[in-house]
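# What the coordinates show
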Amino acid sequence: MMKFMLVIFFILITPISFFSTLSLLLLLITMLSFYFPYLQEFSHVYQMFAWDTLSFSLISLTFWIVMLMLLASLSNTNIMKFKSSFILISMCLLFILVLTFSVTNLILFYILFETSLVPIFMIILGWGNQPERLQAGTYMLLYTVFLSLPMLIIFLLWSNTYYSTSIFLLNFSFISFSLLPNIMAYFLILAFSVKLPIYMLHLWLPKAHVEAPVAGSMILAAILLKLGGYGILRISNKAHYLYYLISSPMISWSLMGGLMISLLCLFQSDIKSLIALSSVAHMSLVISSILTFSNWGINSALFIMIGHGFCSSGLFCVANINYERLNSRSMYLLKGYVMFTPTFSIMWFLLCTSNMATPPSLNLLGEMTSIMSIYSWSHFFMFHMMMMVFMSATYSLFLFSQTQYSKPSSNIKPFLPISLREWLVSFLHWIPLNMFFLCPWLIQIIM
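These numbers were taken from a predicted model, which means no experiment stands behind them. Within each chain, residue numbers correspond to sequence positions counted from 1 in written order. Given that the model is predicted, a residue must reach a pLDDT of at least 70 before its local features are reported, and side-chain atom pairs must reach 80 or more before they are shown or counted; all residues, however, enter totals for whole chains, interfaces and linings. Only hydrogens and water are removed before side-chain values are computed, so all heavy atoms of the structure are retained for them.

### Side note on the overall build of the protein chain
We apply this condition: Helix and strand assignments follow DSSP, with helices taken as H or I runs no shorter than four residues and strands as E runs no shorter than two, numbered in order from the N terminus. Contact between two residues is taken to exist if any of their heavy atoms lie within 4.5 Å; hydrogens are not considered. The method behind every accessible area is Shrake-Rupley, applied with a 1.4 Å probe, and residues are considered shielded solely by the protein chains displayed.
The helix and strand inventory of the protein chain stands at 19 helices and 2 strands. Considering only contacts within the protein chain whose residues lie at least 6 apart along the sequence, 81% involve residues at least 24 apart. A total accessible area of about 17500 Å² is found for the protein chain, and carbon and sulfur atoms account for 72% of it.

Here it is in structure tokens:
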């Protein structure tokens, strides 16, 4: 693992161009594909760092999305004016995320978990489009930092009890925190839930997405939202005694919130706001599946996180392609797009259908296993699951039909056709999202 850290550190200290950065990222992805043996539990433990199937999958996804993020930013004039600074911040974010998914020390995990907010805050503040970007970044920092401070206290108490900070040596027990165990459990899970996020803790997400450039929206939707799911998955086997106490109310909260957010998606006029809120609906399935404590639930959470990482990032990418030509994100103005770029409407259709979990997307595999795990946990949630699946199809088709059909606005002027780079970025989101369904074990080998 230190080899990859050295290569990323070399990128940070060397003034190189966009294309040389992309070449190095492609080299790292190729090295990763041959590095990790199939079905190995933990690989290459180096002091406080280790990889397993969960961390390796998210690290590979991070490399892939950062590469596509740089490709998608080549047409942004504000980014290209300060491309050295943008590459430096992007590589710092990549370095922090890889360390976060690799570390086994709890205190260092918390530090890296919070440090990942700094680069994305700098991207939003430096290259955002609207004057409200400072408010959006402040919302994001306040929500996440405020709710994660109790988690730090629990980690310190946990480490003091066992005289160690290694996640391999520690184990939450009901006896360790016999005082107010329910409150401890809520504090421990809310810090991760605000990063997913779940309903009522999601208000920072639409603001951050709307104000962020395309690079910020892609990395925020594809990777930073997965930090919450990764943290719950990593801690759940250690704190299952505490999580059992709150599993019923948390599953109810997340599923009801996901259903309400799905309804709210139908009333959005901003494309980026709709895509951001749809992420909240999908992430509600992740936390519900994990808290069932079943093999199907754990696997479905990983599949949904990987599939949503590709799909949501791809939707933000094609929405930005529209925005660069029409200078608007309003679905009331962006009608009849199929009349101007009929071939690229296929890309919109493929990503929108993948977002509503149609075959052969990886989202279908994740949502199928998630529904089965939640239904086997409690038959009471069957109606909620049926409505969420129906509403997912509704707002995805609503997004596609509103942007592609109806009579186009008279204010739309002729614009440049879709470039080869934009086609490449779009297909590099869709191809892995739909190919992994045929052989999902490839997530553990190559991303």
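Structure's up, so let's keep going.
### Quick notes on the nonpolar core
Quick note on the threshold: As used here, the term nonpolar core means buried Ala, Val, Leu, Ile, Met, Phe, Trp, Tyr and Cys residues forming a set that is joined through side-chain atoms within 4.5 Å. Only protein chains enter the area calculation, which uses a 1.4 Å probe; residues under 20% of their type maximum are buried, those over 50% are exposed, and those in between are partly exposed.
Core analysis: the biggest nonpolar cluster contains 142 residues, and Phe 155, Ile 219, Ile 235, Tyr 243 and Trp 348 have the highest contact counts within it. Residues within four places of Ile 219 in sequence aside, it is in contact with Ile 65, Val 66, Met 69, Leu 93, Leu 97, Ile 120 and Leu 224.

### Focus: the layout of surface pockets
Put simply, the rule reads: Using only the protein atoms, space was sampled on a 1 Å grid; points where a 1.4 Å probe fits but cannot get out form cavities, open sets with protein on both sides within 12 Å along at least five of seven lines form pockets, and lining residues are those with an atom within 4 Å of a point. Grid points are joined across faces, edges and corners, and a volume is the space filled by probe spheres set on the points. Under the grouping applied here, Gly and all other residues not named as nonpolar or charged are polar, the nonpolar ones being Ala, Val, Leu, Ile, Met, Phe, Trp, Tyr, Cys and Pro and the charged ones Asp, Glu, Lys and Arg.
Roughly 290 Å³ of internal volume is contained in the second largest pocket. Along the walls of the second largest pocket sit 19 residues, with Asn 76, Asn 129, Asn 320, Tyr 323 and Glu 324 positioned nearest its centre. Those elements that provide at least two residues to the lining of the second largest pocket are α4 (77-81), α14 (271-290) and α15 (295-326). Here the lining of the second largest pocket takes 5 residues from α15, the largest share from any one element. Looking at the lining of the second largest pocket residue by residue, the classes come out as 8 nonpolar, 8 polar and 3 charged.

### Here we look at the state of the cysteines
Linking two cysteines covalently via their sulfur atoms produces the bond known as a disulfide. Selection rule: Count a disulfide wherever a pair of cysteine sulfur atoms falls within 2.5 Å.
The full count for this structure, using the stated rule, is 0 disulfides. With no disulfide of its own, Cys 352 lies 8.0 Å from the sulfur of Cys 311, the closest cysteine sulfur.

### What to know about the packing of aromatic side chains
Think of a pair of aromatic rings as described by two things: how far the centres are apart, and how the planes are tilted against each other in angle. Let me state the cut-off plainly: Planes of paired rings set the category: under 30 degrees apart is stacked, over 60 is edge-to-face and the rest tilted, where pairs are Phe, Tyr or Trp rings (Trp by its six-membered ring) whose centres lie within 6.5 Å. Criterion for a charge above a ring: Lys NZ or Arg CZ within 6 Å of the ring centre, and within 35 degrees of the ring normal.
Applying the stated criterion across every chain yields a total of 15 aromatic pairs. Judged by centre distance (5.7 Å) and plane angle (75°), the rings of Phe 400 and Tyr 405 are edge-to-face. Here the aromatic residues Phe 101, Phe 109, Phe 113, Phe 192 and Tyr 230 are joined through ring pairs into a cluster of three or more. The cationic tip of Lys 195 hangs over the ring face of Phe 113; the distance from NZ or CZ to the ring centre is 3.6 Å. Over the aromatic face of Tyr 139 sits the side chain of Lys 207, whose NZ or CZ is 5.1 Å from the ring centroid.

### Quick notes on the environment of Thr 53
Along the chain, Thr 53 turns up in helix α3 (residues 53-72). Among the residues examined, Thr 53 registers a relative accessible area of 18% and is labelled buried.

### Some words on empty space enclosed by the protein
Summed over all chains, the structure comprises 3 cavities of 30 Å³ or more. Approximately 80 Å³ is the volume found for the largest cavity. Split into classes, the residues belonging to the lining of the largest cavity amount to 5 nonpolar, 3 polar and 1 charged. Lining the second largest cavity are Val 103, Thr 104, Asn 105, Leu 106, Phe 109, Ile 167, Gly 231, Arg 234 and Ile 235. Of all the secondary-structure elements, those providing two or more residues to the lining of the second largest cavity are α6 (106-115) and α12 (226-236). It is α12 that contributes the most residues to the lining of the second largest cavity, 3 residues altogether. When the residues that make up the lining of the second largest cavity are grouped by side-chain class, the tally is 5 nonpolar, 3 polar and 1 charged.

### Observations regarding a nonpolar patch on the surface
What counts, and what does not: To count toward a patch, a residue needs a relative accessible area over 30% and no salt bridge; like charges are then connected within 9 Å, while nonpolar side chains (Val, Leu, Ile, Met, Phe, Trp, Tyr) are connected within 5 Å. Salt bridges are defined by distance alone: a side-chain nitrogen of Lys or Arg within 4 Å of a carboxyl oxygen of Asp or Glu.
A surface patch of nonpolar side chains, about 310 Å² in accessible area, is lined by Trp 296, Met 368 and Met 372. The residue Trp 296 is located in helix α15 in this model.

### Description of unusual backbone geometry
Put simply, Leu 196 and Pro 197 share a cis peptide bond, and its omega is -10°. Counting through the fold element by element, Pro 197 comes out in the loop between α9 (181-193) and α10 (204-211). For the bond from Pro 359 to Pro 360, the omega torsion is 5°, close enough to zero to count as cis. Relative to the elements of secondary structure, Pro 360 occurs in the loop between α16 (345-355) and α17 (362-377). The residue Met 200 is not glycine, and still its phi comes out positive at about 80°. Within the secondary structure layout, Met 200 lies in the loop between α9 and α10.

### Some details on the environment of Leu 364
Counting through the fold element by element, Leu 364 comes out in helix α17. Measuring from C-alpha to C-alpha, the distance between Leu 364 and Asn 434 comes to 9.6 Å, with 70 residues separating the pair along the chain.

### Observations regarding the packing of α16 against helix α19 (residues 420-435)
Put simply, the test is: An axis is simply a line fitted to the C-alpha atoms; with a helix, the fit covers only the stretch in contact. Between two such axes, the angle follows the N-to-C directions and lies from 0 to 180 degrees. Should an angle fall under 35 degrees it is taken as roughly parallel, and over 145 as roughly antiparallel, whereas 65 to 115 is taken as roughly perpendicular and any remaining angle as oblique. By the definition used in this description, the sense in which the near helix is turned from the far one sets the handedness, with an anticlockwise turn below a right angle giving left-handed and a clockwise turn giving right-handed.
Following both chains from N to C, one finds α16 and α19 inclined at 40°, their axes separated by 11 Å at the closest point. Between α16 and α19, the angle falls in the class oblique. The interaxial crossing formed by α16 with α19 has left-handed handedness. Along its contact with α16, which presents Met 347, Leu 350, Leu 351 and Ser 354, the element α19 presents Ser 426, Phe 427, Trp 430, Leu 433 and Asn 434. When grouped by side-chain class, the residues that make up the contact of α16 with α19 number 6 nonpolar, 3 polar and no charged.

Honestly, that's just the spatial picture; any functional story needs more than this.
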